[in-house]
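Residues per chain, in single letters:
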Amino acid sequence: METRPFEISRWAVQDAWEKVRANRGSAGVDMESIGEFEKDLKNNLYKLWARMSSGSYMPPPVLLVEIPKKGGGKRPLGIPTVSDRIAQMVVKQAIERDIDRVFYEESYGYRPGKSALEAVKVCREKCWKYDWVLDLDIKGFFDNIPHDLLMKAVEKHTQCKWHLLYIKRWLAAPVQTREGIQTERPKGTPQGAVISPLLANLFLHYCMDSWLKRNYPQCPFERYADDAVIHCKTEAEAQELKLELGKRLEECGLQLHPEKTKIVYCKDDNRKGEDYPNMKFDFLGYGFQARGAKNKMGKMFVGFIPAISDKARTSIRDKIRECKTLQWTQSELSDISKELNPKIRGWMNYYGKFYKSKLDYTLRTVTFRLASWAKRKYKKLHRSYRAAVAWVETIKSVQPKLFVHWS
């Protein structure tokens, strides 16, 4: 009977495949899609298992894809092949449970049972109790994690040879453009790789979270991957923390973004101090700032409250504008609702949790786009945009369930 140096269960590979298939995703450097991989599934999974078990599995390069960032510029993503995503999932599932146990409650990103909305909720409550926030941004975080320090963190939690072997190989795998140009990666872990969020969380746990707990236990924080805010009682405390945290990150091979990292005053009705240069910040798609609201007794007050951020609102408007069925006059209303409703439902589930009226106002874009579409489609509406808006409002009253936000 053939023996293999590493004991890796075939069921672990099968289970990893199920997770990768559910997550979908695009093809890597080999241009093989999920569907194409599945055509010869049994053979493909066996070959992957055999190579991983023998120690001969060598990760291919990751495909470099650049996507536009909301704030301008481009974000580099590294897309592994389908087979490599499965291999990464095998290792991730083998080590995640033990590693996740050491993370603090304040870490919310890419963790079982944790969510971005939970982080927003806790951040809101902390902003009521603490007057100041350090809104930090780590410059090029995923691209600059030092491999040697990251592996030291990994080795604290697993001594399994095949775990360590493949994580080292994934870190060393080059990136490749669609034109076939390869670039070595002496540091960093690519966004888009299955194993990267877990490795990134582990690195920041030791680099930042534990350091904050030891040195600034009076300053609570919320962190979602590399997006984090830290709460302070005074401006002086926030200034000191910014300086010392900057030094700490530099020791770990990272750098606070000099322009994007800022100290924010959480001004509301109870904070009567003078205006400060920064009195708002964005966190996980929500904009935190002073807003008018009503208390339980119906009395108006000004609180430091989260609502959908301006960047997120712009993104939603852009996505509505890009709706294909709204661009075709041959489309029917049912076609448009079928395309838009899944998106609207997702926006409502996420951005409708806090200060929902700001999202409601944003979703009025649907009405205006429908009016423009109707104005082009129906001759009786050609000359009057106002008449087209009225037509949409009539449809809304007759079919309130046609679009999910109407009802």
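Scroll up to find the structure this text is about.
Model, not experiment: these values are computed from the prediction.

Asks: Describe the packing of aromatic side chains, and please don't skip the residues or the numbers.
Replies: Counted by the stated rule, this structure contains 19 aromatic pairs. A centroid spacing of 5.9 Å and a plane angle of 45° characterise the contact between Tyr-286 and Tyr-351, whose relative ring orientation is tilted. Of the two residues, Tyr-286 sits in strand β10 (residues 286–294) while Tyr-351 sits in helix α12 (residues 333–351), which places them 65 residues apart along the sequence. Exposure remark for Tyr-286: the relative accessible area of 0% places this residue in the buried category. By way of ring pairs, the aromatic residues Tyr-286, Tyr-350, Tyr-351 and Phe-354 are connected into one cluster. Arg-10 extends its terminal NZ or CZ atom over the ring of Trp-49, reaching a point 4.2 Å from the ring centre. Looking at Lys-233, its charged tip hangs above the ring of Tyr-130, at a distance of 4.5 Å from the centre.

Asks: Lay out the layout of surface pockets in plain terms, naming residues and giving numbers.
Replies: Reported here for the largest pocket is a volume of approximately 1,700 Å³. Lining the largest pocket are 48 residues, and of these Lys-69, Arg-75, Asp-137, Asp-226 and Asp-227 sit closest to its centre. For the lining of the largest pocket, the elements supplying multiple residues, two or more each, are β2 (74–79), β3 (132–137), α6 (141–144), α9 (196–215), β9 (281–283), β10, α11 (310–321) and α12. Estimated volume of the second largest pocket: approximately 400 Å³. Looking at the lining of the second largest pocket, the elements that each hand over two or more residues are α1 (10–23), α4 (82–100) and α9. Residue contributions to the lining of the second largest pocket peak at five residues, all from α4. Its residues assigned to classes, the lining of the second largest pocket shows ten nonpolar, five polar and five charged.

Thresholds, definitions, all that
Residues numbered from 1 in each chain as written. Predicted model: local features only at pLDDT ≥ 70, side-chain atom pairs only at ≥ 80, totals over all residues. Heavy atoms only, no water. Phe/Tyr/Trp six-rings, centres within 6.5 Å; stacked < 30°, edge-to-face > 60°. Helix = DSSP H or I, 4+ residues; strand = E, 2+ residues; numbered from the N terminus. Buried < 20%, exposed > 50% of the residue type's maximum accessible area, 1.4 Å probe, protein only. Lys NZ or Arg CZ within 6 Å of the ring centre and 35° of its normal. 1 Å grid on protein atoms, 1.4 Å probe; cavity = no way out; pocket = protein on both sides within 12 Å on 5 of 7 lines; lining within 4 Å. Points joined across faces, edges and corners; volume = space filled by probe spheres on them. Nonpolar A, V, L, I, M, F, W, Y, C, P; charged D, E, K, R; others polar.

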